[in-house]
Amino acid sequence: MMAAEAGASRNTLTAYEADLRGASVTLEGGLAGAQRSDLEVLGESWRSLARSTVARKSAALRRFFGFLADEGLRTDDPSAALPRPGSARNLPKSLSHADIERIFETLDKGVESGKPLALRMAALVELLYGSGMRASELVALPRASVRTDSPFLILRGKGDRERLVPISDRAQVAVARWRAHVPSDSRWLFPSRTGHLSRIRLYQLVKELAAKAGIPPDRISPHVLRHAFATHLLEGGADLRTLQTLLGHADIATTQIYTHVESARLVALVNARHPLVDAPSGEA
């Protein structure tokens, strides 16, 4: 159902399976027939876990019991007994404009060397920061996906949804330089010995780049570069709806984690442009 009807991604399906199997083990194989009291005990066993982890596990189980009820396999739904941790979310890590400048200065030095791995790193970061794509989307790009005659790229993201992503001139140039070193028979833009570059290897490469640029590696990851893309676009005047489209968020609520940036920009706009800002106090 999750795959065929909900269009869940492979990562989501894997996470749901892991959560359901884990709950089944805790309940000694009695998950499908669990009662409210069983789920209360299960929730207690999660007390030491992070709030986000508990929220994910609860969501998977609520979906599971809802499915059982919809299919007539149960006459009740005991999932109300599962914990519902608060939805407060930490603000995403980002990078300053100075950090980004240092990263690209380091990349440019590598490009001057002409070494293939340096060209690959430049192409990866240009696409990550320049387009805001997810790490999983980036590493799985087909070899011919970025075209010099098109300023857009069609991505298939979470839930198998397609979206158009603009590609900057810089990114196109960086990809063209790297693609000259990609075997012509490769299916992938960033191939590896077993397929395409893995997300784990991309994570490692970004950490190594940060160290070379003098940025603490614990402050950066592919996801942080995606957040920097979003944050800097908002600071530059983009609105949340546009950002939702660019990031591929199905729900605007996901994009609203960036409202702290939008709010700061609006305050600055009012202070700079409102007609009463510079008016003498007696005239207001």
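Treat the numbers as computed from the prediction; the structure is a model and nothing was measured. Residue numbers here run from 1 along each chain, matching the order of that chain's written sequence. With the structure being a predicted model, the display of local features is reserved for residues of pLDDT at least 70 and the display and counting of side-chain atom pairs for 80 or more, all residues being used for whole-chain, interface and lining totals. Side-chain descriptors were evaluated using all non-hydrogen atoms of the structure, hydrogens and water having been removed beforehand.

1. Looking at the overall build of the protein chain
- A count of helical and extended segments in the protein chain gives 12 helices and 2 strands.
- Numbered from the N terminus, helices here are DSSP runs of H or I no shorter than four residues, and strands are runs of E no shorter than two. When its helices and strands are written in sequence order, the protein chain yields α-α-α-α-α-α-β-β-α-α-α-α-α-α.
- Burial classification: accessible surface area is computed with a 1.4 Å probe over protein chains only, and a residue below 20% of its type maximum counts as buried, one above 50% as exposed, and the rest as partly exposed. Relative to its full complement of 284 residues, the protein chain shows a buried share of 41%.
- Whether two residues touch is decided by their heavy atoms; if any such pair falls within 4.5 Å, the residues are in contact. Here the contacts in the protein chain between residues at least 6 apart in sequence split such that 61% fall between residues at least 24 apart.
- Here the accessible surface of atoms and residues is derived via Shrake-Rupley with a 1.4 Å probe, and residues count as covered only by protein chains that are part of the display. When the accessible area of the protein chain is evaluated, it comes to approximately 16200 Å², of which 52% is carbon and sulfur surface.

2. A word on the pattern of salt bridges
- Should a side-chain nitrogen of Lys or Arg be within 4 Å of a carboxyl oxygen of Asp or Glu, the pair is scored as a salt bridge. A full pass over the atoms with the stated rule returns 10 salt bridges.
- A salt bridge links Arg-134 to Glu-137; the shortest N-O distance between them is 2.7 Å.
- On the basis of relative accessibility, which here comes to 11%, the residue Arg-134 falls in the buried class.
- With its nearest N and O atoms 3.5 Å apart, the salt bridge here joins Arg-201 to Glu-208.
- Among the residues examined, Glu-208 registers a relative accessible area of 41% and is labelled partly exposed.
- Connected through salt bridges with shared partners, the residues Asp-19, Arg-56 and Lys-57 form a single ionic network.

3. Notes on the packing of aromatic side chains
- Stacked, edge-to-face and tilted labels apply to pairs of Phe, Tyr and Trp rings (six-membered ring for Trp) whose centres lie within 6.5 Å, assigned for plane angles under 30 degrees, over 60, and everything in between, in that order. As enumerated under the stated definition, the model contains 3 aromatic pairs in all.
- When the ring of Phe-64 is compared with that of Phe-65, the centres are 5.4 Å apart and the planes differ by 65 degrees; the resulting orientation is edge-to-face.

4. Observations concerning helix α8 (residues 199-212)
- A helix is expected to span 1.5 Å multiplied by its residue count minus one. The terminal C-alpha atoms of α8, which comprises 14 residues, lie 20 Å apart, in line with the 20 Å expected from a rise of 1.5 Å per residue.
- Among all positions in α8, only Leu-202, Leu-205, Val-206, Lys-207, Leu-209 and Ala-210 are buried.
- Where α8 is buried, its residues contact α4 (97-113), α5 (116-131), α6 (135-139) and α9 (222-235).
- Among the residues trailing α8, Gly-214 stands out with phi positive, at a value near 80 degrees.

5. Looking at helix α1 (residues 10-26)
- Compared with the 24 Å implied by 1.5 Å per residue over 17 residues, the 24 Å span of α1 between its first and last C-alpha is a close match.
- Buried residues of α1: Tyr-16, Asp-19, Leu-20 and Ala-23, and no others. Looking down the long axis of α1, one finds its buried residues gathered within 95 degrees of arc, a one-sided arrangement. Among the exposed residues of α1, those oriented more than 90 degrees off its buried face are Arg-10, Arg-21 and Val-25.
- Buried residues in α1 make contact with α2 (36-44) and α3 (51-70). Regarding the arc, it is the one traced by the directions from the helix axis to the C-beta atoms.

6. A few points about the nonpolar core
- One finds Ile-103, Leu-127, Leu-138, Leu-141, Phe-190, Leu-202 and Leu-225 to be the most contacted residues of the largest nonpolar core, which totals 53 residues.
- For this core, the elements supplying multiple residues, two or more each, are α4, α5, α6, β1 (152-156), α7 (169-179), α8, α9 and α10 (240-247).
- Ranked by residues supplied to this core, first place goes to α5 with 9 residues.
- Among buried residues, the Ala, Val, Leu, Ile, Met, Phe, Trp, Tyr and Cys ones that are joined through side-chain atoms within 4.5 Å form a nonpolar core. Core analysis: the second largest hydrophobic core is formed by 14 residues, Leu-27, Leu-39, Leu-42 and Val-54 among them.

7. Structural notes on the side chain of Gln-172
- Examined against the element boundaries, Gln-172 turns out to sit in helix α7.
- Here the side chain of Gln-172 touches Arg-147 through a polar contact of 3.1 Å, landing on its backbone oxygen.
- At a separation of 2.6 Å, a polar atom in the side chain of Gln-172 contacts the main-chain carbonyl oxygen of Ser-150.
- Residues contacting Gln-172, with those up to four places away along its chain left out, are Val-146, Arg-147, Thr-148, Ser-150, Pro-151 and Ile-167. Counting of polar contacts relies on pairs of N or O atoms within 3.5 Å, with two restrictions inside protein: one atom must be capable of donating a hydrogen and the other of accepting it, and residues adjacent in sequence are counted only when both atoms are side-chain atoms.

8. Focus: a negative patch on the surface
- Like-charged residues within 9 Å of one another, or nonpolar side chains (Val, Leu, Ile, Met, Phe, Trp, Tyr) within 5 Å, are grouped into patches, provided each residue has over 30% relative accessible area and no salt bridge. Note that His is not counted, nor are the chain ends; the positive residues are Lys and Arg, and the negative ones are Asp and Glu. Charged groups are reduced to one reference atom each: NZ for lysine, CZ for arginine, CG for aspartic acid, CD for glutamic acid. On the surface, Glu-5, Asp-70, Glu-71 and Asp-77 cluster together into a negatively charged patch.
- Examined against the element boundaries, Asp-77 turns out to sit in the loop between α3 and α4.

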